[in-house]
Amino acid sequence: MSEPIEIAALEGTESCESLDAVTALLAERIARYTMGDSTSVPLDTAKRLLGGMAFCVQLHLNGAASAVPKDAPLKERFFAGVAEARRLTRRAKLMLNEAQRWQPPVVNTGFLDTLAALPSFFKWYNAEFFAQEIPCSIDYPLCQPVSDSFSGVEYMLDYLKRWLTESAFLRAFPRESLVELYEQYYGDYEDLLVNLYLPAAEAAILCALSNAPVRALRPGEGQHAESIRLICAPDEADARNAVFMAAKRACEELCSGSAFARDYLEQTALDLMVRLRATYTAGDVRERIHIAGIE
Amino acid sequence: MDRQSNSEALSVREQKMRIELDACNARSAIFGLTLSERGMREVTHQRERALADHGRVELGRSVLPALIEGFCDSPFLLQEEYEGTLLELLDAFYYFKNECGEQLTDDELIAAMRERYDAYDGSTDAVIGTSLEALCRARRLGLDDEEDLEEDETDDVGAH
């Protein structure tokens, strides 16, 4: 026997909906989805429709300005959420156009495959029935991944925002420097499903830490040792402050002005600091060799 | 949404079903077919069971009126076996609905079941014991009983 449908899924929203209102809206959604051809749907379809309802109601609730008040009947708030999902979809499409137009000087197969797959999201995304779903394959790993709490068009928006941030950062470097860096960092960077931002960001932070030119992406031997010394400072607060300052300097030198781009690089710098401190404390030889590769 | 609210919602649905079935009785009475009080309750409960067993959700109007409408003028459907037949057809309907992967509308599926039912002189076993493919092929090609039977002997792999 199948498990019962979780009508209580909408209880996750801030206002706990009445069972009658949820049932009535789900019945209306089922009727609209089947276009009168069927009185019933499989349980999975009903769950997906319910998920779409919950997503849109939450989207309306999170939205800043809407003509529909937060205490309006469920159906009105749901359709306001659908309208919001469509608005966000249009915005995401503009961001995709930008991602297609402004690519980094060096790309790999994973990057290009994902860029080619992203338009299918806009072809298949169904804000009215399944707004919580992401109907396309997204393989390219970002340096700072999208939070698991996002779904549907919210996920796509955040993914594209991070994608554009990474692409803009990479466009600040000469192609030859990036190729040389990737070959040292990954080897076969073209065919591996690897992130292109991470090596450049880490190299830029190491350069900035030792006051080497950031665009060169290659700190000298002494400069590299200085960077490691700062990152592995006995007081973690000092190290944290040093990498934040380095991220800020790198952003200034590369003219990456947006607050999000700065935060993104700062988070990457912090991750690098944690990893290097752990590595050098533990004396991991392999990691030392790996770091040496970006000198 | 507590258990009490759930049982209240169920009760509302039962009341809706009762209204639908009363209307069906008025229509099927023309052909000498009516559901008793007990029969209506049984059909209502069987519908809930069948939906749960086949993993389907039906929140708005029920398919029962369409099913009754589709079969009530069959010359092979008699009052003595009306309730039992309806219960079997209802279960088979949801089964085939899943089998067809939502490719058939309710009306198309009911029409296919009805043709099979009449072709076998009012045998619910013939409807239940066939495959969706044979059910639809018979309707599409208008095969007579013998041809249909021969095909079923070889093709009824996914029989109910």
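Report follows, based on the coordinates. (Residues numbered from 1 in each chain as written. Chains lettered and ligands numbered in written order. Predicted model: local features only at pLDDT ≥ 70, side-chain atom pairs only at ≥ 80, totals over all residues. Heavy atoms only, no water.)

1. Quick notes on the overall build of chain B
Selection criterion: Comment: elements are numbered from the N terminus, with helices defined as DSSP H or I runs of at least four residues and strands as E runs of at least two. A 1.4 Å probe rolled over the protein chains alone gives each residue an accessible area, and that area as a share of the maximum for its type sets the label: buried under 20%, exposed over 50%, partly exposed in between. When checking whether two residues touch, look at their non-hydrogen atoms; a contact exists if any pair is within 4.5 Å. Note on areas: these come from Shrake-Rupley sampling with a 1.4 Å probe, and a residue is covered only by the protein chains present in the view.
Counting its regular elements, chain B contains eight helices and one strand. Listed by position from the N terminus, the elements making up chain B come as α-α-β-α-α-α-α-α-α. Here chain B holds 160 residues, and 46% of them are scored as buried. Sequence-distant contacts, at least 24 apart, represent 68% of the contacts inside chain B between residues at least 6 apart. Per element, the accessible surface of chain B, about 8,000 Å² overall, is 49% carbon and sulfur.

2. Digging into the side chain of Thr85(B)
Residue and element names in this part refer to chain B. Our working rule: Distance and chemistry together define a polar contact, namely a pair of N or O atoms within 3.5 Å, with one atom able to donate a hydrogen and the other to accept it when in protein, and with adjacent residues in sequence counting only for side-chain atoms on both sides.
For threonine 85, the position within the fold is in helix H4 (residues 82-99). Look at threonine 85 and you get buried, because its relative accessible area is 6%. Polar side-chain contacts of threonine 85 include one of 2.6 Å to the backbone oxygen of glutamate 81.

3. Some remarks on the packing of helix H1 (residues 19-34) of chain A against helix H2 (residues 43-62) of chain A
All names here are of chain A. Put simply, the test is: Each axis is a line fitted through C-alpha atoms, taken for helices only over the stretch in contact, and angles between the N-to-C directions span 0 to 180 degrees. By the definition used in this description, the sense in which the near helix is turned from the far one sets the handedness, with an anticlockwise turn below a right angle giving left-handed and a clockwise turn giving right-handed. Only Asp, Glu, Lys and Arg are considered charged, only Ala, Val, Leu, Ile, Met, Phe, Trp, Tyr, Cys and Pro nonpolar, and every remaining residue, Gly among them, polar.
Close contact between H1 and H2 brings their axes to 10 Å; oriented N to C, the two are set at 115°. As H1 packs across H2, the resulting crossing turns out to be right-handed. Listed contacts from H2 to Val22, Leu25, Leu26, Arg29, Ile30 and Tyr33 of H1 are Thr45, Ala46, Leu49, Leu50 and Met53. Residue composition of the contact of H1 with H2, by class: nine nonpolar, one polar and one charged.

4. A closer look at the nonpolar core
Threshold: By nonpolar core we mean a set of buried residues, namely Ala, Val, Leu, Ile, Met, Phe, Trp, Tyr and Cys, connected to one another through side-chain atoms within 4.5 Å. For the purposes of this description, domain bounds are those given by an automatic or database domain assignment.
Counting residues in hydrophobic clusters, the biggest one holds 93 residues, and the most contacted among them are Trp163(A), Phe169(A), Phe173(A) and Leu265(A). If you tally residues by element for this core, the top one is helix H6 (residues 152-170) of chain A, at ten residues. Of the residues that make up this core, three or more belong to each of domain 1 (7-77) and domain 2 (173-295) of chain A. Ranked by size, the runner-up nonpolar core spans 38 residues in total, among them Leu77(B), Ala92(B), Tyr95(B) and Ile128(B).

5. Concerning the state of the cysteines
Residues and elements named next belong to chain B. So the rule is basically this: The disulfide definition used here is simple: a pair of cysteine sulfur atoms within 2.5 Å.
Summed over the entire model, instances satisfying the criterion amount to zero disulfides over all chains. Free of any disulfide, cysteine 24 has its nearest cysteine sulfur in cysteine 72, 8.5 Å distant. Of the residues examined, cysteine 72 reaches a relative accessible area of 1% and is grouped as buried.

6. Focus: the pattern of salt bridges
All names here are of chain A. Applied cut-off: When a carboxyl oxygen of Asp or Glu is within 4 Å of a side-chain nitrogen of Lys or Arg, the pair counts as a salt bridge.
Taken as a whole and judged by the stated rule, the model has 24 salt bridges over all chains. Taking the shortest distance from any N to any O, the salt bridge between glutamate 28 and arginine 32 comes out at 3.1 Å. Placement of the pair is glutamate 28 and arginine 32 together in helix H1, with a separation of four residues, close to one helical turn. The partner of arginine 249 in a salt bridge is glutamate 253, and the shortest N-O contact between them spans 2.8 Å. Highlighted residues: arginine 249 and glutamate 253, both in helix H10 (residues 236-254), separated by four residues, approximately one helical turn. You can call arginine 249 partly exposed: its relative accessible area is 23%. Note on glutamate 253: relative accessible area 27%, which makes it partly exposed. A single network of salt bridges, built from pairs that share partners, joins Glu28, Arg29, Arg32, Arg86 and Glu128.

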